[in-house]
Structures are given as structure tokens and as C-alpha cells.
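Tertiary structure, described
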Amino acid sequence: MIREVLVIPDNLPRLQFVEAREDRLLTRLHIHRESEILQITKGTLDVYVDSVTERLMPGDYVIFNGNIPHSTYASTDATYVNLQFDFHGIFDREDAEELLEPNSYIPYLKSHLFITKDSSYYPEFNAIFSGLSDHHKLKDEFPEYFKGDLYFIYDFMASAGLF
């Protein structure tokens, strides 16, 4: 298993747009400290986590908590949006003290959450992630908008039982 280390110079995560070719393993089983969100935009992507493989279609999401082993496989040509983030590196000190307790870890109740179009979570999360995608384009000029979207993601993950 591979352990990845993500280095973010300004503590704000970046959206990555990934293209995958059919019948290719995109990522071997790996872990990283950061939580991660994938949104499938084209094709299909098989996601393996917790001994389960789920095929995601365009518009579907998966959220992984940090330090959860997972891998991806493109069963067709696929594109997806990837966001890796660590709440400890995003929130300022006052927020971290209120939300995370200093020097604590976030206890996980669920390791991951698949959000498909027929999921009850879909309308709310799709609106949050769409806003985040729009604000990402402006994050250098208006970082507070992007950071605000990350607060919405934090609240969503907590209400969905991820921690």
C-alpha cells in the first residue's frame, strides 16, 4: 500500500481534473491523511473502499475520510474532479479550537460515503460542491468564499455521520 503526502503551500486545497483511459487502474490501493472527494463528470469509475467496489456514473460522488485505504479503476474512458483537503490545515486557529479541539483528531464514524443521483444526500451535496467548484476559480482573489464552502462540506460530513 502506498502512503501519499499532499503539500499545500497556502493551506487551501485545489481541485484537480483527472482524465482516465478505459481499462486502467488509476490509483493503486493507497492512503493519505487528507479527506478526499471525487465527482465523476464523464464515463464510469470503479471505486474500491472497505472491501466494496462501487461503480460511479456521471454526477456521482464519493467522500473518503483521511487515512482510509482506497483505489480507483476506469472501466470506461472517464473524467472526474478530485479534491483532497485536511480540515486541520484549512480552519484558522479560532475555528479549529471551536470545531476540532486543538491538537485532536477527528473521530470517524464512517470511512466513506457514496452519493449517487438517487441518494437523499445528492441535492444538498451537489449544491455545495457546485458552489465550491465555482468559487475555486476565484479562490486566489476571494479565498473567503472558497473557505466558506469548506465549512459547508464540514457541516455536511458531520450531519451525514462521517464524523
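Everything here concerns the structure above.
These remarks concern the structure in this document. (Residues numbered from 1 in each chain as written. Predicted model: local features only at pLDDT ≥ 70, side-chain atom pairs only at ≥ 80, totals over all residues. Heavy atoms only, no water.)

Comments concerning the overall build of the chain
This is how the line gets drawn: Comment: elements are numbered from the N terminus, with helices defined as DSSP H or I runs of at least four residues and strands as E runs of at least two. The contact rule is simple, with two residues in contact once any of their heavy atoms fall within 4.5 Å. For every accessible area listed, the method is Shrake-Rupley and the probe measures 1.4 Å; residues are considered covered only by the protein chains on display.
Scanning the chain from terminus to terminus reveals four helices and 10 strands. Reading the chain from its N end, one meets helices and strands in the order β-β-β-β-β-β-β-β-β-α-α-β-α-α. Nonlocal contacts in the chain, meaning residues at least 24 apart in sequence, comprise 78% of its contacts between residues at least 6 apart. Summed over its atoms, the accessible surface of the chain is roughly 8800 Å², and 50% of this surface lies on carbon and sulfur atoms.

Overview of the packing of aromatic side chains
For any two aromatic rings, the description comes down to two numbers: the centre-to-centre distance and the angle of the planes. Spelled out, the test is: Stacked, tilted and edge-to-face are the three classes applied to pairs of Phe, Tyr and Trp rings, where Trp contributes its six-membered ring and a pair requires centres within 6.5 Å; stacked means planes under 30 degrees apart, edge-to-face means over 60, and tilted covers the rest. Only protein chains enter the accessibility calculation, which uses a 1.4 Å probe; a residue is then buried when its area is under 20% of its type maximum, exposed when over 50%, and partly exposed in between.
Inspection of every chain in the model, using the stated rule, returns seven aromatic pairs. Where F142 meets Y145, the ring centres are 5.4 Å apart and the plane angle is 35°; that geometry is what we call tilted. Using a relative accessible area of 42% as the deciding quantity, one classes Y145 as partly exposed. Each member of the aromatic cluster is reached from another via a ring pair, and the members are Y61, Y121, Y122, F125, F129 and F156.

Quick look at the sheet that holds strand β7 (residues 61–64)
The condition that has to hold: Think of it this way: DSSP has to see at least two bridges between two strands before they count as a pair. Only the contacting stretch of a helix is used when fitting its axis, a line to C-alpha atoms as for every element, and angles between N-to-C directions run 0 to 180 degrees.
Across the sheet, which stays open at both edges, the five strands sit in the order β2-β9-β4-β7-β10 with antiparallel pairing between neighbours. Either end of the sheet is taken by a strand with one partner, and the two such strands are β2 (15–20) and β10 (112–115). For this sheet, the mean angle separating the axes of adjacent strands, direction not counted, is 20°. Its contacts with the sheet place helix α3 (residues 122–136) against β2, β4 (35–42), β7, β9 (78–85) and β10, and it is angled at close to 80° to β7. Seen against the sheet, helix α4 (residues 143–159) touches β4, β7, β9 and β10 and runs at an angle of roughly 90° to β9.

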